[in-house]
Amino acid sequence: MGKTGSKLTDLSDTDLIRLALEQNQAAYIVLYTRYSIGVRNHIAKYVSQNEDIEDIMLESFQKAFSQIALYNPEYKFSTWLFRIARNTALDHIGRKDREKSNMPTTSINEQMSEISEIPAPVHNPEEDIIKQQEYDKWIANIDKLKEDYRTVAKMNLIDNFGYKEIAETLDLPINTVKTKIRRAKEQLLKMMNVSDELQ
């Protein structure tokens, strides 16, 4: 289909997802642009730190795009995407809980009201294989980054170093580290599924 970038922005979510499944990178970018503000605001219900919100947003889109073949079109794409973002935010809070025992989370009532509105995913054994394949691809894409970004991305995404630890290890200002990690994640997001075309 000879769709130009400008026409892609006029397509419905359903059409964009169909193109994304055909490995159309522009369709992913349009979906990201269409929902990035909404996803960021949704995550902000659970997490207050701006840098954490940005990290969770990018991770949420990475998860959604890597699992887009599992999306059930009976439900709105935004509902599915927001559920992934919520789960990613709660996973992030859980990780923080292990570091700081008394970090507040959202109320049980709020979580239950959202869960009741959104269908729970049915576990598929293939998901474990897909997750491993996507993780391997994620690692491969990190290796393709420029050295500047590759080093900080590996430290942050693979070794789970925080901004401060990376700044101290590499002797860089913490704001420089944050910028490099943000740009590395943006590049990785755009690389999603592109590597499939080269295999």
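Worth saying up front: this structure is predicted, and the values here are computed from it rather than measured.

**Student:** Please set out the overall build of the protein residue by residue, giving values where relevant.
**Tutor:** Summing up its helical and strand segments, the protein has 11 helices and 0 strands in all. The helix and strand sequence of the protein, counted from the amino end, reads α-α-α-α-α-α-α-α-α-α-α. When burial is assessed residue by residue, the protein has 38% of its 199 residues classed as buried. Here the contacts in the protein between residues at least 6 apart in sequence split such that 59% fall between residues at least 24 apart. As presented, the protein carries roughly 11,700 Å² of accessible surface, and 50% of it is formed by carbon and sulfur atoms.

**Student:** Can you lay out the confidence of the model for the protein for me, pointing to particular residues and giving the numbers?
**Tutor:** In the predicted model, the protein carries a mean pLDDT of 75, and 71% of its residues have values of at least 70. The low-confidence segment residues 101-125 (pLDDT under 50) makes 24 contacts with residues lying over four places distant or belonging to another chain. Long-range and interchain partners of residues 195-199, a stretch whose pLDDT sits below 50, account for 6 contacts in this model, where long-range means more than four residues apart.

**Student:** Report on helix α9 (residues 163-170), specifying residues and quantitative values.
**Tutor:** Among all positions in α9, only Y163, I166 and A167 are buried. For α9, the angular spread of buried residues about the axis comes to 100 degrees, placing them on one side. Seen from the buried face of α9, the exposed residues on the opposite side, beyond 90 degrees, are K164, E168 and T169. Looking one or two residues past α9, D171 carries a phi angle of roughly 55 degrees, positive in sign.

**Student:** Provide a residue-level description of the packing of helix α4 (residues 50-66) against helix α10 (residues 174-191), including the pertinent values.
**Tutor:** Interhelical geometry of α4 versus α10 gives an angle of 15 degrees and a closest axis separation of 10 Å. Taken together, the axis directions place α4 and α10 in an arrangement best described as roughly parallel. α10 is crossed by α4, and the crossing has left-handed handedness. Together, E51, E54, D55, L58, F61, Q62 and F65 of α4 and K178, R182, K185, E186 and L189 of α10 make up the contact between the two elements. Of the residues assigned to the contact of α4 with α10, the class counts are 4 nonpolar, 1 polar and 7 charged.

**Student:** How would you sum up the nonpolar core? Please name residues and give values.
**Tutor:** Counting residues in each nonpolar core, the largest one holds 33 residues, and the members touching the most others are L31, V39, I43, V47, F61 and F77. Of all elements in the fold, only α2 (13-21), α3 (25-43), α4 and α5 (77-99) reach the threshold of two or more residues within this core. Ranked by residues supplied to this core, first place goes to α3 with 8 residues. Excluding anything up to four places from it in sequence, F61 contacts L31, Y32, Y35, S36, V39, L81 and L189. The next biggest cluster of nonpolar side chains, apart from the first, holds 8 residues, and it includes W138, L145, A184 and M191.

**Student:** Give a detailed account of unusual backbone geometry, specifying residues and quantitative values.
**Tutor:** Non-glycine residue Q23 carries a positive phi angle of around 70 degrees. By the element assignment, Q23 lies in the loop between α2 and α3. Overall, the relative accessible area of 27% leaves Q23 in the partly exposed class. Backbone geometry at D171 places phi at a positive 55 degrees, although glycine is not the residue there. Within the fold, D171 resides in the loop between α9 and α10. The exposure class assigned to D171 is exposed, which follows from its relative accessible area of 70%.

**Student:** Tell me about the packing of aromatic side chains, residues and numbers included.
**Tutor:** By the definition in use, this model includes 7 aromatic pairs. Judged by centre distance (4.8 Å) and plane angle (65 degrees), the ring pair of Y32 and F61 falls under edge-to-face. With Y32 in helix α3 and F61 in helix α4, this pair connects stretches of sequence that are 29 residues apart. When its relative accessible area of 0% is taken as the criterion, F61 is described as buried.

**Student:** Which residues make up the packing of α3 against α4, and what are the values?
**Tutor:** α4 packs onto α3 with a crossing angle of 135 degrees between their chain directions and a minimal axis gap of 10 Å. As judged from the angle between their axes, α3 and α4 are oblique. The handedness of the crossing between α3 and α4 is right-handed. Across the interface between the two elements, Y28, L31, Y32, Y35, S36, V39, R40 and I43 from α3 touch I53, E54, I56, M57, L58, S60, F61 and F65 from α4.

About the cut-offs
Residues numbered from 1 in each chain as written. Predicted model: local features only at pLDDT ≥ 70, side-chain atom pairs only at ≥ 80, totals over all residues. Heavy atoms only, no water. Helix = DSSP H or I, 4+ residues; strand = E, 2+ residues; numbered from the N terminus. Buried < 20%, exposed > 50% of the residue type's maximum accessible area, 1.4 Å probe, protein only. Contact = heavy atoms within 4.5 Å. Areas by Shrake-Rupley, 256 points an atom, 1.4 Å probe, with all protein chains shown as cover. pLDDT = per-residue confidence, 0-100. Arc of directions from axis to C-beta. Axes fitted to C-alpha atoms, helices over the stretch in contact; angles between N-to-C directions. Parallel < 35°, antiparallel > 145°, perpendicular 65-115°, else oblique. Left-handed = near helix turned anticlockwise from the far one by under 90°. Nonpolar A, V, L, I, M, F, W, Y, C, P; charged D, E, K, R; others polar. Core = buried A, V, L, I, M, F, W, Y, C linked by side-chain atoms within 4.5 Å. Phe/Tyr/Trp six-rings, centres within 6.5 Å; stacked < 30°, edge-to-face > 60°.

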